[in-house]
Amino acid sequence: MEKIDFKNIVEQLDSVVLVVDYDYKIVYANSYFCSLFNTNCEMLSGKNVFDFLPEKSDTVVIKDYTYKITKYDDEFYSYYYLTIVDSQMEKVYSDFISTVSHELRTPLTSIRGFADTMLMSFDKLDKAQIQKFLGIIKEQSNRLIKLVENLLSISKIQVQQSNLVLKSVNAKSQIEQVLDIIKNQYPSHPFEFHCNDNVPNILADENKFQQIMINLLDNAAKYSYDRGSVKVTLANAQKENYVSIKVEDHGVGIEPDNLSRIFEKFTRIENHLTRKTQGSGLGLYIVKNLIEKMGGQIFVESSTVLPNSGSTFEIILPAATYTNQSKRALEDK
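Conventions adopted
- Residues numbered from 1 in each chain as written.
- Predicted model: local features only at pLDDT ≥ 70, side-chain atom pairs only at ≥ 80, totals over all residues.
- Heavy atoms only, no water.
- Phe/Tyr/Trp six-rings, centres within 6.5 Å; stacked < 30°, edge-to-face > 60°.
- Helix = DSSP H or I, 4+ residues; strand = E, 2+ residues; numbered from the N terminus.
- Buried < 20%, exposed > 50% of the residue type's maximum accessible area, 1.4 Å probe, protein only.
- Lys NZ or Arg CZ within 6 Å of the ring centre and 35° of its normal.
- Salt bridge = Lys/Arg side-chain N within 4 Å of Asp/Glu carboxyl O.
- Pairing = 2+ DSSP bridges.
- Axes fitted to C-alpha atoms, helices over the stretch in contact; angles between N-to-C directions.

1. Section: the packing of aromatic side chains
Within this structure, the stated rule accounts for 7 aromatic pairs. Centroid distance Phe33 to Phe52: 5.4 Å. Interplanar angle 70 degrees. Geometry classified as edge-to-face. Highlighted residues: Phe33 in helix α2 (residues 31-36) and Phe52 in the loop between α2 and β3 (59-62), separated in sequence by 19 residues. Phe52 carries the same exposure label as Phe33, and that label is buried. Here the aromatic residues Phe33, Phe37 and Phe52 are joined through ring pairs into a cluster of three or more. Seen from the ring of Tyr242, Lys239 lies directly overhead, with NZ or CZ sitting 4.4 Å from the centre.

Here it is, written out as structure tokens:
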């Protein structure tokens, strides 16, 4: 049987490995450790480990990077492993777990609570109460479905598997279809749609374009004041061979310092309207990424000053011209 060269394996690891005796003297250090501390491995034997590592901390900062220290003991030696910590990724991961846990727990608690009530007291409930409880269960189920769909969209975006099918799309027709859906969800909000003359089709993925418009219009209605109007304008963009779509709401608006943050994952700006509404902070992140993958851009202007407070989101997408289609075909090769 071939002998396994453990030392060679350890040398290939993307982490620092130290072997220390019970007098805290270094017995072995791999080359990663030596390069990290700019020292000669042959001269490390017998040196005190705490000349290099903190005695009472599980992290150490070396060359502007934070390393996590993991220690294992056996009968004869202590083994130290140092792995680099990406603090930004750890924060993103922590925020992800916290947000998703909260967003899942809230609707699941509602579904379970109203289902239990119906199971235990069905014979005591009248028809109106049953319809109300079933409506809440359906509403919360739809919320869960939307969260899962958003998470799946993010995973596809991150691994670049959006599978966009770009073709000539009639933006006016698509926007009208989405408006019919949103109007039913927000019957108290008046919606306006203005379409300029001679607006060409856009070069886009039809399903993803619908997803973009649903997110933008849903946000516009959700974060507007009661009975606040939502206005959509379709026109030729100032940029040649591009189409502009603006979605304007009448809500609390966004502070200037927060404008750049709203497109980040899991970001929700705190104000009295967002506290009253449900959301995971994923919609605008998905919107921005899909628009950019289709060769477009998104802009936002906002005011927090009454009575004209509110936000206007503008997306520009390539027109379905021969030039744009040919250019995209070459980029995809």
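2. Quick look at the pattern of salt bridges
Should their charged atoms come close, side chains of opposite charge can pair. Under the criterion given, the structure shown has 4 salt bridges. Note that Lys172 is salt-bridged to Glu176, the shortest N-O span being 2.9 Å. Of this pair, Lys172 and Glu176 both sit in helix α5 (residues 171-185), 4 residues apart, which is roughly one turn of the helix. Owing to a relative accessible area of 36%, Lys172 belongs among the partly exposed residues under this scheme. Taking the shortest distance from any N to any O, the salt bridge between Lys222 and Asp218 comes out at 3.5 Å. Of this pair, Lys222 and Asp218 both sit in helix α6 (residues 206-222), separated by 4 residues, roughly a single helical turn. By relative accessible area, Lys222 is classed as buried at 17%.

3. Notes on the sheet that holds strand β4 (residues 65-73)
Pairing in this open sheet of 5 strands is antiparallel, and the strands run β2-β1-β5-β4-β3 from one edge to the other. Edge positions in the sheet fall to β2 (26-29) and β3, since each has one partner strand and no second. The sheet shows a mean angle of 25 degrees between the axes of neighbouring strands, direction not considered. Pairing between β4 and strand β5 (residues 78-85): 8 bridges, direction antiparallel. When the bridges of β5 are listed, Thr70 appears paired with Tyr81.

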